[in-house]
Amino acid sequence: MKRGHKQHVSKRGAGLRAGIVVLVVLLVILVMINPNEEDFVAWLASEHDIHASYDVNDGRTFTQTIDGEEKKLHYKGGHIRHMGIFSTYSYRFADNEEKEIQIEAVGIINMLWNR
């Protein structure tokens, strides 16, 4: 009778170990496919028509196209926080009239959403 009980415990232990391994592998995959800053800048272009370019003298510059008119944006600051399986993004810009624009997003599984 004890022998059957030990087999039952070992089967449960094997299932628990397999479950933990699957969970760890899933978490590693989620961390690896978390969007990075380049993905966020590409998302800004597709969702908000804010395009980034690089100039040797000015560094990285941003422009936004609204109704066919292109406005230069001044980068005021922001952050990117990687939280393991997801990330949060926030950029603050000011246009020529000093009107502030803040774009925030959440990224997971290589996709970004407005926050």
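Structure shown above.
Everything in this summary refers to the structure shown in the same document. (Residues numbered from 1 in each chain as written. Predicted model: local features only at pLDDT ≥ 70, side-chain atom pairs only at ≥ 80, totals over all residues. Heavy atoms only, no water.)

When helices and strands are tallied, the protein shows two helices and six strands. When the helices and strands of the protein are placed in sequence order, the string is α-α-β-β-β-β-β-β. Taking 2.2 N^0.38 as the reference for a compact globule, 115 residues should give roughly 13 Å; the C-alpha atoms of the protein span a radius of gyration of 23 Å, well beyond that estimate. The C-alpha extent of the protein, read off along each of the three principal axes, is 85 × 25 × 20 Å. Here the protein, with 115 residues, has 24% of them falling under the buried criterion. Partitioning the contacts of the protein with sequence separation of at least 6, the portion at a separation of at least 24 is 35%. Distance from the positive charge centre (14 side chains) to the negative charge centre (15 side chains) of the protein: 29 Å. (Helix = DSSP H or I, 4+ residues; strand = E, 2+ residues; numbered from the N terminus. Rg over C-alpha atoms; globule rule 2.2 N^0.38 Å. Buried < 20%, exposed > 50% of the residue type's maximum accessible area, 1.4 Å probe, protein only. Contact = heavy atoms within 4.5 Å. Lys, Arg positive; Asp, Glu negative; His and termini not counted. Charge placed at Lys NZ, Arg CZ, Asp CG, Glu CD.)

Counted by the stated rule, this structure contains nine aromatic pairs. Ring geometry for Phe40 and Trp43: centres 5.8 Å apart, planes at 25°, overall stacked. In this pair, Phe40 and Trp43 both sit in helix α2 (residues 37-48), three residues apart, roughly one turn of the helix. The class for Phe40 is buried, based on a relative accessible area of 0%. By relative accessible area, Trp43 is classed as buried at 9%. Between the aromatic rings of Phe62 and Phe93, the centroid separation amounts to 5.0 Å while the plane-to-plane angle is 65°, which identifies the pairing as edge-to-face. Taken as a pair, Phe62 in strand β2 (residues 59-66) and Phe93 in strand β4 (residues 87-94) lie far apart in primary sequence, 31 residues in all. The exposure class of Phe93 is buried, given its relative accessible area of 0%. (Phe/Tyr/Trp six-rings, centres within 6.5 Å; stacked < 30°, edge-to-face > 60°.)

To continue, consider the sheet that holds β4. Across a sheet, paired strands are connected by hydrogen bonds in the backbone, their directions being either parallel or antiparallel. Taking strand neighbours across the sheet as the criterion, the six strands line up as β1-β2-β3-β4-β5-β6 in an open arrangement whose pairing is antiparallel. Strands with a single pairing partner mark the edges of an open sheet, and in this sheet they are β1 (50-55) and β6 (111-114). The mean angle between the axes of side-by-side strands here comes to 35°, regardless of whether they run parallel or antiparallel. On top of the sheet, α2 reaches β1, β2, β3 (69-82), β4, β5 (100-108) and β6; it is set at about 120° to β5, its chief contact. (Pairing = 2+ DSSP bridges. Axes fitted to C-alpha atoms, helices over the stretch in contact; angles between N-to-C directions.)

Moving on: the nonpolar core. Ranked by size, the top nonpolar core spans 14 residues in total, and within it Phe40, Trp43, Leu44, Ile50, Tyr91, Phe93 and Ile103 carry the most contacts. Elements with a minimum of two residues in this core: α2, β4 and β5. In terms of residue count, the dominant contributor to this core is α2 (four residues). (Core = buried A, V, L, I, M, F, W, Y, C linked by side-chain atoms within 4.5 Å.)

Between its first and last C-alpha atoms α2 spans 16 Å; for 12 residues at 1.5 Å apiece the expected length is 16 Å, and the two agree. Turning to α2, its buried residues are Phe40, Val41, Trp43 and Leu44. The arc enclosing the buried residues of α2, seen along the axis, measures out at 155°, which places them on a common side. Counted as exposed and oriented over 90 degrees from the buried face of α2: Glu38 and Ser46. (Expected span 1.5 Å × (residues − 1). Arc of directions from axis to C-beta.)

The values are spatial; any link to function lies outside them.
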